[in-house]
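What follows is the residue order along each chain.
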Amino acid sequence: MDANLAMDKLTSMTRSKPISSKHDNANLMHPKPSRLSALAVSIALSVCMASPANAVLEHKTVVHQAIDAQKTTSTIQNLPFIARSADPWVIKADDGSYYFIASVPEFDRIELRHAATIQGLSQAKAKIIWRKHESGPMSIDIWAPELHKINGRWYIYYAASDKDLRFHNRMFVLGLNGDVPMAGEWQELGRLKTAHDAFSLDATSFQVGEQRYFIWAQQDEAKSYNTGLVIAKMVSPTQASAQETIITEPLLNWERLGFKVNEGAAVLIKNGKVFVTYSASATDDRYTIGLLWADQTADLLDPKSWHKAPTPVFSSNPALKRFGPGHNSFVLAEDGKTELMFYHARNYLELQGTPLTDGNRHSYYRAISWSADGMPQFDNELSDEQTLAK
C-alpha cells in the first residue's frame, strides 16, 4: 500500500513525516577537479605567452571564468555531504571533535559517526550501536535519533513504533555506559515520559541558564492535526515535567500541504534569543523549514513568549536542485564562530516511490548568517558552497 495513503487512513496516528533517510559512505562535498580546470590553465598559459602586456589581466579573467563554471556545475549537481541520511544531527564534543547521527533508509537501526573535523564525518565509518526489536513498541520506524550530553553522560533520543500498530510512534531513550560514544555500551532506558500518551517524535533537549528543556512533536488530543511542537522542563534525562506548553501548531497554509505538521525542532541560542527551527508539511518537495523565537529571559512555558515567522525561512529551490529541505540541526564550525546548519533534502523532484520508500534524502550543510538586528539568515537563494564561502 502507498505509504501516504496508509498515513491518510491513519491520520489520528500519522507521522506525516514519511522519513526517507540516507546513509552511505559515498559522500562528497566538492566535485573532483574537472577537465575544465586543466583547460583554464592551458588557455591562461597560452595567453601569457602570446600577449605578455595583458597576460596578468587575461589570465585572471580566464581562470575566474573556469572557476565560476565549476561552481555552477557543482551547484547543479548538488552533491550530498552524507548520502541517504535523513534528520541529520551533529554535535561538537568537549574535545572539539564531531559526532553525526541520522535516520537510515531502512528505519531499523541507529548508527553513529565520529571525526576530528566536520569534513571528516563524510568519510568516517558508521558504527551500528542499536537495532530495532523483532516485535513490540520498538520494532519499526526508527526515526530521527539525536545525541546529547547531559550532566556528563551521553544519551540518544529517538522515535519508534510497533509493527503491529503502525504509526503509533513514541519517544525512547538510550544511555551510554562509559564516556566514549563510539566504544561504550548503549543501554535502553525506556520511553521518554511525557504527560500525554499520544503520537510523538523528534525529541530534542537544550539548556537556558540552569534549566534544561525538552521540545518534541506531538499530536493534539482532538487529533485535528498531525503534530505541533510542545515544550516542557526536563525532570530527568528520561522524563519531562507534567506542565507542557504547545508553542506552535500547523495553522498556516504552508504548514498543511499534504499533512498538517510542525516537527523536527532544532534549537539555537544566540543574541539573547532562543531560536527554534522546525519542519512543516509532507516530506516531499513541499517539506520546508519555519522559525520560532523567544527572548532568552522570557518564560519559555508561556506561549505568548514565542514569535513565529509568517513564511518559511528555508525551502525548495529547483535552480539549486534542492527539494524538500528539512529537519535540521545546528553546530559550531571548527573556528568556534560560524554557525552551521545540517539538513536533509533530495536533489530531484519526482519521488522514486513514496516519501517513505524513497530513501534518497541526503544530508547537506551550510553556514547561516545574521542580520543587523540579530536574526538568523538562511539565504535560501544561495547554494551551500556559496554560504560557506561568504
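Here we summarise the structure given alongside this text. This is a predicted model, so every value here is computed, not measured.

### Looking at the sheet that holds strand 18 (residues 323-332)
Strand order in the open sheet formed by 3 strands is 18-19-20, and the pairing between neighbours is antiparallel. Only two strands of the sheet have a single partner each, and these edge strands are strand 18 and strand 20 (362-367). If you compare each strand with its neighbour and ignore which way they point, the axes differ by 30 degrees on average. Judged from the 6 bridges that link them, strand 18 and strand 19 (residues 339-346) form a sheet pairing that is antiparallel. Looking across to strand 19, one finds that Leu332 is bridged to Glu339.

### What to know about the pairing of strand 11 (residues 228-236)
Examined bridge by bridge, strand 10 (residues 211-218) and strand 11 share 6 bridges and lie antiparallel to one another. Bridge pairing in strand 11 places Tyr213 opposite Lys233. Where strand 11 meets strand 12 (residues 239-240), 2 bridges bridge the pair, whose relative direction is antiparallel. Within strand 12, the residue paired with Ser236 across the bridge is Gln239. Counting the residues in the hairpin turn of strand 11 and strand 12 gives 2 residues.

### With respect to the pattern of salt bridges
The final tally for this structure, using the stated rule, is 12 salt bridges. In this structure, Lys149 and Asp94 form a salt bridge, with 3.0 Å as the shortest nitrogen-oxygen distance. A residue pair is termed long-range when its members are at least 10 positions apart, and Lys149 in strand 5 (residues 140-150) and Asp94 in the loop between strand 1 (86-92) and strand 2 (98-103) qualify at 55 residues. Residue Lys149 is classed as partly exposed on the basis of its relative accessible area, which comes to 33%. Residue class for Asp94 comes out exposed when judged on its relative accessible area of 70%. Of the charged contacts in the structure, one is a salt bridge between Asp197 and Arg170, with a shortest N-O distance of 2.7 Å. Placement of Asp197 in the loop between strand 8 (185-191) and strand 9 (200-208) and of Arg170 in strand 7 (residues 165-177) is noted, with a sequence separation of 27 residues between them. The exposure class of Arg170 is buried, given its relative accessible area of 6%. Through salt bridges with shared partners, one network takes in Glu106, Asp108, Arg109 and Glu111.

### Let's talk about the environment of Tyr364
One can find Tyr364 in strand 20. Using a relative accessible area of 2% as the deciding quantity, one classes Tyr364 as buried. Setting aside residues up to four positions removed in sequence, Tyr364 forms contacts with Asn78, Leu79, Pro80, Phe81, Met341, Phe342, Tyr343, Ala345, Asn347 and Asp384. In this structure the side chain of Tyr364 is engaged in a polar contact, spanning 3.1 Å, whose partner is the backbone oxygen of Asn78.

### Some details on the packing of aromatic side chains
Evaluation of the coordinates by the stated rule reveals 13 aromatic pairs. Relative to Tyr213, the ring of Phe206 lies with its centre 5.3 Å away and its plane at 15 degrees, an arrangement referred to as stacked. Judged by its relative accessible area of 9%, Tyr213 is buried. These aromatic residues form a ring-pair network of at least three members: Phe81, Phe342 and Tyr365. Lying over the aromatic face of Phe167, Arg166 brings its terminal NZ or CZ to 5.0 Å of the ring centre.

### Describing the nonpolar core
Of all hydrophobic cores here, the largest spans 28 residues; its most connected members are Phe206, Ile215, Leu229, Ile231, Val276, Leu300 and Trp306. Elements that contribute at least two residues to this core include exactly strand 5, strand 9, strand 10, strand 11, strand 14 (262-270), strand 15 (273-280) and strand 16 (288-295). Considering each element in turn, this core owes the most residues, 4 residues, to strand 15. Core analysis: the second largest hydrophobic core is formed by 20 residues, Trp89, Trp154, Phe172 and Trp186 among them.

### Focus: the layout of surface pockets
If you roll a probe as big as a water molecule over the atoms, it shows you where there is empty space left. Considering only enclosed or pocket space, the largest pocket measures out at about 610 Å³ in volume. Together, 23 residues line the largest pocket, and Trp89, Ile91, Ser205, Val267 and Phe330 are the ones closest to its centre. When residues of the lining of the largest pocket are traced back to their parent elements, those giving at least two are strand 1, strand 5, strand 9, strand 14 and strand 18.

### Points about the sheet that holds strand 15
Within the open sheet, the 4 strands sit side by side as 14-15-16-17. Their pairing is antiparallel. A strand with exactly one partner marks an edge of an open sheet, and here the two such strands are strand 14 and strand 17 (307-308).

The rules we used
Residues numbered from 1 in each chain as written. Predicted model: local features only at pLDDT ≥ 70, side-chain atom pairs only at ≥ 80, totals over all residues. Heavy atoms only, no water. Pairing = 2+ DSSP bridges. Helix = DSSP H or I, 4+ residues; strand = E, 2+ residues; numbered from the N terminus. Axes fitted to C-alpha atoms, helices over the stretch in contact; angles between N-to-C directions. Salt bridge = Lys/Arg side-chain N within 4 Å of Asp/Glu carboxyl O. Buried < 20%, exposed > 50% of the residue type's maximum accessible area, 1.4 Å probe, protein only. Contact = heavy atoms within 4.5 Å. Polar contact = N/O pair within 3.5 Å; in protein donor to acceptor, adjacent residues only side chain to side chain. Phe/Tyr/Trp six-rings, centres within 6.5 Å; stacked < 30°, edge-to-face > 60°. Lys NZ or Arg CZ within 6 Å of the ring centre and 35° of its normal. Core = buried A, V, L, I, M, F, W, Y, C linked by side-chain atoms within 4.5 Å. 1 Å grid on protein atoms, 1.4 Å probe; cavity = no way out; pocket = protein on both sides within 12 Å on 5 of 7 lines; lining within 4 Å. Points joined across faces, edges and corners; volume = space filled by probe spheres on them.

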